[in-house]
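This is what each chain is made of:
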Amino acid sequence: MSIKENLLAIKKTIPDTVTLVAVSKTKPMSFIQEAYDEGQRVFGENRVQEMTEKWENLPKDIEWHMIGHLQRNKVKYMAEYVSLVHGVDSPRLLAEINKQAEKHNRTISCLLQVHIAEEDTKFGFNEEEILELVANEEFKAYKNVKIVGLMGMATFTDNDDQVRKEFSGLKSLYTKLSNNYTDFTTLSMGMSGDYKIAIEEGSNMVRIGSSIFGSRN
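Residues numbered from 1 in each chain as written. Predicted model: local features only at pLDDT ≥ 70, side-chain atom pairs only at ≥ 80, totals over all residues. Heavy atoms only, no water.

What to know about the packing of aromatic side chains
At step 1: Considering all chains together, one arrives at five aromatic pairs under this definition.
At step 2: Ring geometry for Phe 43 versus Trp 64: centroids 6.1 Å apart, planes at 40°, classification tilted. Placement of Phe 43 in strand S2 (residues 42–45) and of Trp 64 in strand S3 (residues 63–66) is noted, with a sequence separation of 21 residues between them.
At step 3: Note on Phe 43: relative accessible area 0%, which makes it buried.
At step 4: Assessed through its relative accessible area of 0%, Trp 64 is described here as buried.
At step 5: Relative to Tyr 81, the ring of Trp 55 lies with its centre 4.3 Å away and its plane at 10°, an arrangement referred to as stacked. Of the two residues, Trp 55 sits in helix H3 (residues 48–57) while Tyr 81 sits in the loop between helix H4 (75–78) and strand S4 (84–88), which places them 26 residues apart along the sequence.
At step 6: We classify Trp 55 as buried; its relative accessible area is 17%.
At step 7: Residue class for Tyr 81 comes out buried when judged on its relative accessible area of 7%. (Phe/Tyr/Trp six-rings, centres within 6.5 Å; stacked < 30°, edge-to-face > 60°. Helix = DSSP H or I, 4+ residues; strand = E, 2+ residues; numbered from the N terminus. Buried < 20%, exposed > 50% of the residue type's maximum accessible area, 1.4 Å probe, protein only.)

Here it is in structure tokens:
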């Protein structure tokens, strides 16, 4: 199937209330342009250098989402244009995003990454750390970052019950926070293999790559 057919097929399975992030990392610009021509405007990348090159060369109404683990020393290269950072996993990274956004007179939207999987390889805060962070006066003073929600990745497993339990736990934390913080509007969970479960459990943003563009290079 073509990118166009894949995209149309996936959009049929996603409610209008859910944002589709087309994960275009490692994919050529021609693939992104093809998806763009079918109306897709939100793309996710995990390498700042690659994302910046694509931003410079592709239509300017594309929303670029940084979805991978982000190193603090790379923030300055994307602060001018990035729309949403999915994986804020430390207070120091948040402080750096605020600092670099200020230089460009921008406010950058961010999601706090919550560690919900059983695997040790995943980054992120635990629930206690998140509650501590959002109550911190220093964090509240930041003018150039806006925390708009949470992101989490489930364990890579065939056990749907476990995946569902992890997503359900993240939704509970999100609900708790969104009752107190009106900016909390985004719950990013679900990828090509588990996005349908994620949507059933309350996700309103999914990150899908291989099902649109084919398997990774």
